[in-house]
Amino acid sequence: MKLYSYFRSSASYRVRIALNLKGLGYEYQSVHLARDGGQHLAPAFRALNPQALVPVLTDGSETLTQSLAILEYLEETHPQPPLLPQAPAERARVRALALNIACDVHPLNNLRVLNYLTSKLGVNESAKSEWYRHWVEQGLGAFEAGVANSPLTGRFCHGDTPGFADCCLIPQLFNARRFGCDLSGYPTLLAIEQRCRDLVAFRDAAPEHQPDAEK
Ligand SMILES: N[C@@H](CCC(=O)N[C@@H](CS)C(=O)NCC(=O)O)C(=O)O
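Residues numbered from 1 in each chain as written. Predicted model: local features only at pLDDT ≥ 70, side-chain atom pairs only at ≥ 80, totals over all residues. Heavy atoms only, no water.

Visitor: In this structure, what is going on with the site of the ligand? I would like to understand it.
Guide: Neighbouring the ligand are 15 residues, the closest being Val 54, Gln 66, Ser 67, Asn 110 and Arg 112. Between the ligand and the protein, one listed contact pairs an oxygen atom with a side-chain N or O atom of Arg 14 at 3.2 Å. At 2.7 Å, a backbone N or O of Val 54 approaches a nitrogen atom of the ligand. Taking 510 Å² as the accessible area of the ligand by itself, protein coverage stands at 90%. Comparing atom positions with the cavity grids shows the ligand to sit within the largest pocket. A total of 3 residues in the shell around the ligand trace back to one element, the largest contributor, which is helix α1 (residues 10-21). Its residues placed into classes, the shell around the ligand shows 6 nonpolar, 7 polar and 2 charged. (Near = heavy atom within 4 Å. Polar contact = N/O pair within 3.5 Å; in protein donor to acceptor, adjacent residues only side chain to side chain. Areas by Shrake-Rupley, 256 points an atom, 1.4 Å probe, with all protein chains shown as cover. 1 Å grid on protein atoms, 1.4 Å probe; cavity = no way out; pocket = protein on both sides within 12 Å on 5 of 7 lines; lining within 4 Å. Sits in = over half its atoms within 2 Å of the grid points. Helix = DSSP H or I, 4+ residues; strand = E, 2+ residues; numbered from the N terminus. Nonpolar A, V, L, I, M, F, W, Y, C, P; charged D, E, K, R; others polar.)

Visitor: Whenever I open this one, the layout of surface pockets confuses me. Can you help?
Guide: Summary: where empty space remains is shown by rolling a probe the size of a single water molecule over the atoms. In this structure, the largest pocket encloses a volume near 970 Å³. In terms of lining residues, the largest pocket is bounded by 38 residues, among which Leu 33, Leu 53, His 106, Asn 110 and Leu 111 are the most central. Sorting the residues of the lining of the largest pocket by element identifies α1, α3 (67-77), α4 (88-109), α5 (111-120) and α7 (164-178) as the ones contributing at least two each. At 6 residues, α4 tops the list of elements feeding residues into the lining of the largest pocket. In the lining of the largest pocket, the residues fall into 19 nonpolar, 14 polar and 5 charged. (Points joined across faces, edges and corners; volume = space filled by probe spheres on them.)

Visitor: So what exactly am I meant to see when it comes to the pattern of salt bridges here?
Guide: Tallied over the full model, the rule gives 7 salt bridges. Glu 125 is paired through a salt bridge with Lys 128; the nearest N and O atoms lie 3.3 Å apart. Here the residue Glu 125 and the residue Lys 128 both occupy positions in helix α6 (residues 125-148), the gap between them amounting to 3 residues, near one helical turn. Between Arg 177 and Glu 193 there is a salt bridge; the shortest N-O distance is 2.8 Å. Separated by 16 residues along the polypeptide, Arg 177 in helix α7 and Glu 193 in helix α8 (residues 187-197) bring together distant segments of the chain. (Salt bridge = Lys/Arg side-chain N within 4 Å of Asp/Glu carboxyl O.)

Visitor: Sorry, what's going on with the packing of aromatic side chains here?
Guide: To describe a pair of aromatic rings, you give the distance between the ring centres and the angle between the ring planes. Considering all chains together, one arrives at 5 aromatic pairs under this definition. Each ring, one from Tyr 13 and one from Phe 174, has its centre 6.1 Å from the other, and the planes form 80 degrees; the classification is edge-to-face. Taken as a pair, Tyr 13 in helix α1 and Phe 174 in helix α7 lie far apart in primary sequence, 161 residues in all. Taking relative accessible area as the criterion, Phe 174 reaches 22% and is therefore assigned partly exposed. With 3.8 Å between their ring centres and 10 degrees between their planes, Tyr 132 and Phe 179 make a pair best called stacked. A residue pair is termed long-range when its members are at least 10 positions apart, and Tyr 132 in helix α6 and Phe 179 in the loop between α7 and α8 qualify at 47 residues. (Phe/Tyr/Trp six-rings, centres within 6.5 Å; stacked < 30°, edge-to-face > 60°. Buried < 20%, exposed > 50% of the residue type's maximum accessible area, 1.4 Å probe, protein only.)

Put into structure tokens, the structure is as follows:
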């Protein structure tokens, strides 16, 4: 398998975690989102993903896009260890936590959205950061409430093994720190993050450990 990724891309980070948790080796292909005017915008990359977004995972002749679709693909093709629980309602809970981040927080704060705010709508840096923090607070606040008050939460977002929700949460916490968000109001999330950090699958997937990492 080959993963088209960028070290700071949180959507790519989700897939890196899942690949590592499942013990799947892959080739890392860096797609620099800032260099050369954005390597993801080049025709060669658009041919792989017309959305011009990372990650892209190729598996033999298959080309897969959208991080959560990729996670589902990996779960179906490599069921062990499972990243979703068995019971339908529990699977729905884990997917809902993952979608909180992937559908309701990340798209509002993605690079192209932030660039549009500043370059097309004339939003200044301070207002851009305020926008960023607002959506992070909305999403992480609900995430914290969802895990802190549920008996289904264990050492990780769901039970005692990591899954889809952790794959999405950890990269979002990384993003939030980059933009100076105050995370002190999310003690349950920080405790889960600490347990994830203790796992080599999460450590190896971290931005600073990628071949294209920069300071
Ligand atoms: N929903 C997509 C989001 C992918 C995405 O937005 N990737 C970002 C990096 S995290 C990207 O390529 N951004 C480029 C841009 O915004 O121009 C997924 O989950 O894969």
